[in-house]
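Structural description and commentary
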Amino acid sequence: MSLRQFVIDAWSWLNYKPVMADAGRPSSRAFPELAKTWVPPHELRRLAAYKVLASYDNNQAGQLAAAGGDASALERRELGDAANLVDTALGYLLGSEQKVTVEGAEHADAEMPTPGAAEAAAVQDRLRKWADKELLTFRVQQAERAAVLLGDSVMVLAWNPEKQRPTLRVYDPGFFFPQWDDEDEDFPRRVHLAWELPADDDAGLKARVRRVTYELGPISEDGEPGEGAAAGGRQYPWEPGRTSYVTCYLTDAEWLLEDLKNGETLDRLPMDKASFRVRPDGTELNRLDLMIDFVPVVHIANTIPDGGEHWGRSILARVLQALDELAATDSDSSAASATTGTPIIGLAGARLPVDRATGKPQELQVKAGAVWQLGETGRMDALDTSPQLAELRARVDHLLERIAANSRVTAAGLGTLEATEVPSGYALKLALGPLDALIGMMRLAREHKYRLLFKMVQRLYQAGRAAGWTAGETLPARLAWAPHTPTDRGAVLEEVVKAYGAGVLSLETAVAMLLEAGYPIKDASQEVERIRAKAEQEAAVRMAEAAARRGRGEDHEDQEEDDGSGSAGGRKPVGKVSEREPVEAGR
C-alpha cells in the first residue's frame, strides 16, 4: 500500500506504515475503536501513533502489520529490543533517585541564612512529605515511561477533602484532548479527559463514553456561569491583594454510545443526554467550581516540541524502521539456524525403507543414530547454510549499532560496548557524549512541567486551607534528578576538599557537589548542620585541651614558688639557674 497523501507533521515518521498511509483517517481495520463517532477527526493520527508504538513495546508489531494486510508479518520474531531501548532511556532519564527541592532551602542552616530561607526549608519539608504520601517516585516512573515510549504523558491533581492533601494520578495520553483557543496561549483553557467504557451485560450497562472536563471561565455571582451572567471577583490565597475573575469548573459525565450521532464529537456532545457523576457527599459534578484559577492538568512531553506543536516524540521515532529490519533479520536468522542444525540432505542411490501397510517408500528423517543404506554409486550431499547464518548474525550486530547511534542512547549506554574497546575513562566519557546530550534535552523538556506541578500542589494546599499553608506567594520548587551516569567520586571529593580548603567554595556548595556525585547524603541542609556541629564540637575540645595545658603550667609555677619561699634569699629565680642550685649546695 502506497502513501495516499504526502504529509509532514508530528507523526509523519510513521507514514511508511500501511496503517498510517491515509493521512486523514488511519486504517479502520487495524484500529476499529478509532472509528467511533465521538473521536475528533484531527486527533486520529495521534491516537493511531500511540497504538503503533504500544504494539512495539509489547512485541505485537507483527500482529499490527498483519491486521493492516501483511499476512506474512505474523511470522516475525520480536525479541523485546524496542522495550529494552525504552527502559534503558527511562533508566538514564530518572537516574538513581529524584528529590523535591525548593530554591533557597539549602541556606536555612547557614550561620547567616538568607531572607526567606527558613520558609523555603519549611515548604520543602512539607512537599517532600506530600511526595512520600502520594508515592511521587512511583507516579513519576509511570508518567515518564509513557512519555518515553509514546512521546506524551498526563498527570492530574485533585484536592481530597478527606486526606486533606492533593492527590496525583497518571492518565494515558490517548485520553487527553486539550482544546486550544489561541495559538499564542501557553496552556489550554479547556481540557477533556475522555475514554470509552465497554458494555457490561451482567450489570446491565451499555457501552458509554466518559468525559471529564476542566474549563476556565468567569466567576458567577449566582452560581450559574453561563453567558451574560454577572461575574464576581475573588482573591486567591496565592495572590493576596489581587482580585481575579476567573475560576476552574469541573464536569464529569457519561453518554451512551447509541445516543450519539455523526458529528457529535468529543467537544460537541449533547448535554441534554449526559448523565453526570456525583461525589460521595452528594454534589453533582456539573460545572463544579473548584475555587482555583488554573487547570490542574500537567502534560509532559518527551522532547521539546517544534514551533507550533504541542506533542513530544517517542524515543523509538527515529529508529522504528531499524527495529523492523532487526525483527526481519532475526526471523531470517532463526530460519537459517534451523537448516544449519538440521541440514537439508540430498541422497543418491539410497535404498529407502518401504511401509508395509501402504507399500510406499517411507520418508527419511535426519536424526541422531539414523542409518541409511547407500548403493555402490550412492552419494549424500548436505546443504551448508552456516555462512549465511554468520552473515545474518553480523547484520544483527550492525543494526543494533545503528539503533544505538541513531537513538543517541549509544552502544555504551545500551551495554553492548565491550570493556576491551574502551582504552580509558576519558574515551568512555566521549562515547557517552550523545547520551549526555539526549538526557539533558529530555530533562530540559520536563523542567518547567515539574515546576508547574509543584506550584499547583502548593496552591491546592492553600485553596484547601490545610494546616501550615498560609496565604502568600508560591515558592519555586523543582524536581532534582540524580546523575544519569557513574561519576568519579574520588576526583570530585579531591576537588571539593581543595576548593573548600582554599575558601573558594562554601560548605553548602561543597555538600551539593558531593550529593550530585552520588555520595549517600540524604539531605544537604542536614549534612551541613552535622558538619558544622562536629566542627564546633572539635573546636570546643581543642579549647578545653588548651585551657587544661595552661592550667597545668600555672600550677607548676605556683609549686616552684612555694618551694623557694623559706630560703634566705627570698624568691628563687625560675629556670636553669634554679636547677643548678641544689648541686652547688651539695658541694
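Residues numbered from 1 in each chain as written. Predicted model: local features only at pLDDT ≥ 70, side-chain atom pairs only at ≥ 80, totals over all residues. Heavy atoms only, no water.

Let us look at the overall build of the protein chain. Helix and strand counts for the protein chain stand at 14 helices and 15 strands. Put simply, the protein chain has 587 residues, and 38% of those count as buried. Sequence separation of 24 or more characterises 65% of the internal contacts of the protein chain that already satisfy a separation of 6 or more. (Helix = DSSP H or I, 4+ residues; strand = E, 2+ residues; numbered from the N terminus. Buried < 20%, exposed > 50% of the residue type's maximum accessible area, 1.4 Å probe, protein only. Contact = heavy atoms within 4.5 Å.)

Averaged over all residues, the pLDDT of the protein chain is 83; the fraction at 70 or higher stands at 87%. Per-element confidence in the protein chain is highest for strand E3 (residues 165-171), whose mean pLDDT is 97, and lowest for helix H14 (residues 576-586), whose mean pLDDT is 41. Counting interchain partners and residues more than four positions distant, the pLDDT-below-50 stretch residues 225-230 has 10 contacts. Contacts from residues 566-587, a stretch scored under 50 in pLDDT, to residues over four places away or in other chains number 9 contacts. (pLDDT = per-residue confidence, 0-100.)

Considering all chains together, one arrives at 2 cavities of 30 Å³ or more under this definition. Considered as a void within the structure, the largest cavity measures approximately 120 Å³ in volume. Glu 78, Asp 81, Ala 82, Leu 323 and Ala 327 are, among the 14 residues lining the largest cavity, the residues nearest its centre. For the lining of the largest cavity, the secondary-structure elements that each account for two or more residues are helix H3 (81-94) and helix H6 (320-341). Among the elements that line the lining of the largest cavity, the one with the most residues is H6, at 4 residues. Residue composition of the lining of the largest cavity, by class: 6 nonpolar, 2 polar and 6 charged. (1 Å grid on protein atoms, 1.4 Å probe; cavity = no way out; pocket = protein on both sides within 12 Å on 5 of 7 lines; lining within 4 Å. Points joined across faces, edges and corners; volume = space filled by probe spheres on them. Nonpolar A, V, L, I, M, F, W, Y, C, P; charged D, E, K, R; others polar.)

Attention now goes to helix H7 (residues 386-407). In this model, H7 (22 residues) spans 32 Å end to end at C-alpha, consistent with the 32 Å of a helix rising 1.5 Å per residue. Those residues of H7 not exposed but buried are Leu 389, Leu 392, Val 396, Leu 399, Ile 403, Ala 404 and Ser 407. Looking straight down H7, one finds its buried side chains confined to an arc of 135°; they lie on one side. Along H7, exposed side chains directed more than 90 degrees from the buried face belong to Glu 391, Glu 401 and Ala 405. After H7 finishes, the residue Arg 408 shows a positive phi value of roughly 70°. (Expected span 1.5 Å × (residues − 1). Arc of directions from axis to C-beta.)

Turning our attention to a nonpolar patch on the surface. A surface patch of nonpolar side chains, about 320 Å² in accessible area, is lined by Leu 347, Leu 352, Leu 374 and Met 380. By the element assignment, Leu 352 lies in the loop between strand E13 (345-351) and strand E14 (373-382). (Patch = residues over 30% accessible without salt bridge, like charges linked within 9 Å, V, L, I, M, F, W, Y side chains within 5 Å. Areas by Shrake-Rupley, 256 points an atom, 1.4 Å probe, with all protein chains shown as cover. Salt bridge = Lys/Arg side-chain N within 4 Å of Asp/Glu carboxyl O.)

Further remarks concern the pairing of strand E9 (residues 246-256). Of all the 11 residues making up E9, 9 are buried; the element is thus mostly covered by neighbouring parts of the structure. In the sheet, strand E6 (residues 208-218) pairs with E9 via 11 bridges, with the strands oriented antiparallel. Residue pairing for E9: Val 209 is matched across the bridge by Trp 255. Of the pairings in the sheet, the one linking E9 to strand E11 (residues 288-289) comprises 2 bridges and is antiparallel in character. Within E11, the residue paired with Leu 250 across the bridge is Leu 288. Pairing analysis gives 2 bridges linking E9 to strand E10 (residues 275-276), with the strands arranged antiparallel. Among the inter-strand pairings, Ala 253 is bridged to a residue of E10, identified as Phe 276. (Pairing = 2+ DSSP bridges.)

Attention now goes to the packing of helix H5 (residues 136-150) against helix H10 (residues 433-463). Packed helix pairs are characterised by how far apart their axes lie and by the angle those axes make with each other. Where H5 contacts H10, the two axes come as close as 13 Å, and the packing angle between them is 135°. In terms of their interaxial angle, H5 and H10 are classed as oblique. As H5 packs across H10, the resulting crossing turns out to be right-handed. Taking contact as the criterion, the partners of Leu 136, Val 140, Glu 144, Ala 147 and Val 148 in H5 are, on H10, Met 442, Arg 446, Tyr 450 and Phe 454. Considering only residue class, the contact of H5 with H10 consists of 7 nonpolar, no polar and 2 charged. (Axes fitted to C-alpha atoms, helices over the stretch in contact; angles between N-to-C directions. Parallel < 35°, antiparallel > 145°, perpendicular 65-115°, else oblique. Left-handed = near helix turned anticlockwise from the far one by under 90°.)

Applying the stated criterion to the full structure yields 9 aromatic pairs. Consider the rings of Tyr 171 and Trp 195, whose centres lie 6.1 Å apart with planes at 40°: the pair is tilted. Here Tyr 171, found in strand E3, pairs with Trp 195, found in strand E5 (residues 190-197); they are 24 residues apart in sequence, far enough to count as distant. Judged by relative accessible area, which is 14%, Trp 195 ranks as buried. Members of the aromatic cluster, each reached through a chain of ring pairs, are Trp 159, Tyr 461 and Trp 469. For the cation-ring pair, Arg 126 lies above Trp 469, with the distance from its terminal atom to the ring centre recorded as 4.5 Å. (Phe/Tyr/Trp six-rings, centres within 6.5 Å; stacked < 30°, edge-to-face > 60°. Lys NZ or Arg CZ within 6 Å of the ring centre and 35° of its normal.)

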